[in-house]
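# Overview (structure and organization)
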Amino acid sequence: MDKGAPLPAEEAIRLAKVADLCPFESNSDEVFDKVVSMTAEFFDAPISLITIVERHRQWFRARVGIDVNETPRETSFYAYSVLTKEPLEVLDARLDDRFKDNPLVTGPPFIRYYAGAPLMTEDGLSLGSLCIIDTKPRSALNKREKSMLVYFAELVMLRIMGVRVRNFVDQPTRLFNRLRLEEDIREVLRNGETSQLVAIDVLTPKFLNDMVKALGYSFAQDLVLAIKDRLLKFLPERCHLYKVSPTRFGFISPGLHPLPQLCNPIVEDFKEPIECDGIPILMQVGVGVLALESKNQLTQDWLRLVVSTADNARDRKTGWAGYESKFDEAHQRAFMLLSYLSNALKCSGQLWLMYQPQIDLKTGQCTCVEALLRWTHPVLGLVNPAEFIPLVQKTALMQPLSEWILHEVIRQAKAWQLEGRTFRIAMNITVSDLESSAFVDCTESLLDSFGLEANKIEIEFTESELITNAAEVSIQLQRLRNLGMEISIDDFGTGYSNWTYLRQIPATTVKLDQSLTARLNEDEKNQRLVKTLIELADRLDYRIVAEGIETEEVLRLVKEWGCTEGQGYLFAKPMSAECLVAWLDSRVLRDDQRALLTRLG
Ligand code: C2E
Ligand code: MG
Ligand code: MG
């Protein structure tokens, strides 16, 4: 058998159209099913099919009289008329050189007669056919029958386009959706037109979610409709507004305009709250703009780029921003970090902990070591936890990561306890660890299985604007405290710390942030602030640990003001578990020597 019909000249474009208009669909469609039944009935044919011809196969969108769903393209009768775009009729396949060896003729379903009409798009491409098949030879269709077959095929095309339009429209707003915008971007690029793609991020998804929870779906929907009406005012003539996602809109602005001229009117207008069902709602708008350029048109993901530009504009509170590749690089990096993390959790060696001693400022003893996470990323190399923890914290990966750290900390603490070492290990946790009971449950069960007392572990917790469920966080911290763990407030004196909040959680220790200690030498005002913070914390019976002690001068000051413990490069940098042990042992030796020397006078 030959390899079937030759490919038409515009095959690549035709295949793109097929993928676009007729993506493979295994669900049946009532209209298509009716058309094939009607066609089979009208022509008194045992088999009728709607075939879609793809690169390597033809598949059947609807069928009667045949069990298979697809056949290889080289066996397709219709592939011949993809070339001519004309209806094809084969009266007896066994007598036709093109088909006599075709496995569908020599084997099941034993085709003898075939007639198919093309499914033609408006731009003259043929997607496949509506066909009838008989297992006996037949005489040719008459003129009326031929036109009926073509009409039925046109009916199929109308349905394909109807489904397509339905797939392109966002129902509540009746605006074109993301799929349609992507299609229109491709069209603009194909035609080489100069345009700017604009994305408007009107709300954060969290804000929308909170609003749905508080005021219901129909309120949120009304608000989106009100936003749509407001945006329509800014639309250039003959342009569509698109609904790109639940919280984002977009449009294509023809020509190139200065960004302030394009964006400022929108940003200014949205400073006015939107009145929805009598409630004024203040938007948090970010507008992103990107020039559509036909070079690299196939490789660029324009919509993603412009949407992340709009997100950035909102996050940085600049109102609007033009696309800059560095934003995208930051996003790509963040994505690269997050997408590799779950793998890192599974394969050993990429994640490990370093330990930094905390020193009792009176006795010089190491009372505790802080466990600090390290990650050797397979592509990016060593990545700082200050970069990836805030990203992970917003995802579901935080829980397995924290549980991995917890396991490692408890295992190490038990091992050191068995060696007779008495210091605790402090572990950093984030707010998201405490928003459900999972982390504390896991702590209890790991302590139990390793047979470790809870007071060997200390928890370092950073206050954060991310707390959405303060009551639950408080309950979980109290559970940890009840187990007998010390609770420290990390990075105290920065961002969000306040005394009222401090009284609401069961903390035993405050860790003064290193940004406060770093500038103690130079700044007298800072000195007074730190001194007051230490005095206040002391009066409220907190243990006070100063972080970031790098010089003897800073050590002298914080000790003088009543700080109980200190941590910083002056004592030691974070070290691997083995180095920490060696460091501790060498210190003991030095202390012994010092004691001996003292005794000797
Ligand atoms: P942090 O908990 O405040 O940890 C102290 C940070 O200061 C560490 O940075 C430490 O290496 C650094 N440091 C210690 N002494 C000095 C000093 O004298 N001078 C200076 N300039 N820096 C000093 P690192 O290890 O990069 O960790 C950064 C932050 O990442 C930590 O701040 C903590 O918030 C977070 N983090 C680290 N490990 C973990 C972890 O296992 N879990 C969670 N949730 N967060 C972690
Ligand atoms: Mg810490
Ligand atoms: Mg800290």
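Above this text is the structure in question.
The following paragraphs examine the structure supplied in this document. (Residues numbered from 1 in each chain as written. Chains lettered and ligands numbered in written order. Predicted model: local features only at pLDDT ≥ 70, side-chain atom pairs only at ≥ 80, totals over all residues. Heavy atoms only, no water.)

### Some thoughts on the packing of helix H11 (residues 325-346) against helix H12 (residues 385-392)
For the pair H11 and H12, the least separation of the axes is 10 Å and the interaxial angle reads 75°. In terms of axis orientation, H11 runs roughly perpendicular to H12. Facing H11, whose interface residues are Arg 333, Ala 334, Leu 337, Leu 338 and Leu 341, H12 presents Glu 387, Phe 388, Leu 391 and Val 392. Of the residues contributing to the contact of H11 with H12, the split by class is seven nonpolar, no polar and two charged. (Axes fitted to C-alpha atoms, helices over the stretch in contact; angles between N-to-C directions. Helix = DSSP H or I, 4+ residues; strand = E, 2+ residues; numbered from the N terminus. Parallel < 35°, antiparallel > 145°, perpendicular 65-115°, else oblique. Contact = heavy atoms within 4.5 Å. Nonpolar A, V, L, I, M, F, W, Y, C, P; charged D, E, K, R; others polar.)

### Remarks on unusual backbone geometry
Geometrically, the link from Pro 108 to Pro 109 is a cis peptide bond, its omega value of 5° lying close to zero. Here Pro 109 is to be found in the loop between helix H4 (103-106) and strand S5 (113-120). Even without being a glycine, Asp 44 presents a positive backbone phi close to 50°. Residue Asp 541 is not a glycine yet carries a positive backbone phi of 70°. Its place among the elements puts Asp 541 in the loop between helix H18 (524-539) and strand S23 (543-546). Classification of Asp 541 by relative accessible area gives exposed; the value is 68%. (Buried < 20%, exposed > 50% of the residue type's maximum accessible area, 1.4 Å probe, protein only.)

### As for the pattern of salt bridges
Considering all chains together, one arrives at 40 salt bridges under this definition. For Arg 421, the salt bridge goes to Asp 585, with nearest N and O atoms at 3.2 Å. Taken together, the residues Arg 421 in the loop between helix H13 (398-418) and strand S19 (424-429) and Asp 585 in helix H20 (residues 577-599) connect sequence positions 164 residues apart. Here Arg 421 falls in the buried class, since its relative accessible area comes to 18%. Of the residues examined, Asp 585 reaches a relative accessible area of 37% and is grouped as partly exposed. Ionic contacts of the salt-bridge type, sharing partners, join the residues Arg 424, Glu 458, Glu 486, Arg 543 and Glu 565 into one network. (Salt bridge = Lys/Arg side-chain N within 4 Å of Asp/Glu carboxyl O.)

### Side note on the coordination of the magnesium ion (ligand 3)
Donor atoms from the polypeptide that coordinate the magnesium ion (ligand 3) comprise Asp 490 (OD), Asp 491 (OD), Glu 547 (OE) and Glu 547 (OE), at 2.0 to 2.5 Å from the metal. Coordination of the magnesium ion (ligand 3) draws on donor residues from a single chain, spaced D-D-x55-E in sequence. (Donors = N, O, S within 2.8 Å, 3.2 Å for Na, K, Ca; no water.)

### Brief notes about the site of ligand 1
With respect to spatial proximity, 24 residues lie near ligand 1, and among them Glu 370, Asp 490, Gln 514, Glu 550 and Tyr 569 are the closest. Contacts to ligand 1 include Asn 428, whose side-chain N or O atom sits 2.9 Å from an oxygen atom. At a separation of 2.5 Å, a nitrogen atom of ligand 1 approaches a polar side-chain atom of Glu 550. Out of a free accessible area of 800 Å², ligand 1 has 85% covered by protein chains. Elements represented by at least two residues in the shell around ligand 1 include exactly strand S17 (366-377), H12, S19 and strand S21 (486-492). Top contributing element to the shell around ligand 1 by residue count: S17, with four residues. When the residues that make up the shell around ligand 1 are grouped by side-chain class, the tally is ten nonpolar, seven polar and seven charged. (Near = heavy atom within 4 Å. Polar contact = N/O pair within 3.5 Å; in protein donor to acceptor, adjacent residues only side chain to side chain. Areas by Shrake-Rupley, 256 points an atom, 1.4 Å probe, with all protein chains shown as cover.)

### Quick word on the coordination of the magnesium ion (ligand 2)
Protein coordination of the magnesium ion (ligand 2) is provided by Glu 370 (OE), Asn 428 (OD1), Glu 460 (OE) and Asp 490 (OD), with donor distances spanning 2.0 to 2.2 Å. Mapping the donors of the magnesium ion (ligand 2) onto the primary sequence yields the spacing E-x57-N-x31-E-x29-D. A distance of 4.1 Å spans the gap from the magnesium ion (ligand 2) to the magnesium ion (ligand 3), which Asp 490 bridges by coordinating each metal. Taken together, the positions of Glu 370 in strand S17 and Asp 490 in strand S21 put the pair 120 residues apart, joining distant regions of the chain. For the pair Glu 370 and Asp 490, a shared accessibility class is recorded, and that class is buried.

### As for the sheet that holds strand S11 (residues 248-254)
Taken in spatial order, the seven strands line up as S7-S8-S10-S11-S9-S14-S15 in an open sheet, and their pairing is mixed. Of all strands in the sheet, those bounded by a partner on one side alone are strand S7 (169-170) and strand S15 (320-322). Where strand S14 (residues 286-292) and S15 come together, three bridges link them in parallel fashion. Each residue of the ladder has a partner; that of Val 289, found in S15, is Gly 322. (Pairing = 2+ DSSP bridges.)

### As for the side chain of Ser 308
Secondary-structure assignment places Ser 308 in helix H10 (residues 302-315). A polar atom in the side chain of Ser 308 sits 3.1 Å from the backbone oxygen of Leu 305.

### Comments concerning a nonpolar patch on the surface
On the surface, a cluster of nonpolar side chains totalling about 290 Å² of accessible area is made up of Met 38, Leu 155 and Leu 158. Locating Leu 158 in the fold gives a position in helix H5 (residues 143-168). Take Leu 158: its relative accessible area is 61%, and that puts it in the exposed class. (Patch = residues over 30% accessible without salt bridge, like charges linked within 9 Å, V, L, I, M, F, W, Y side chains within 5 Å.)

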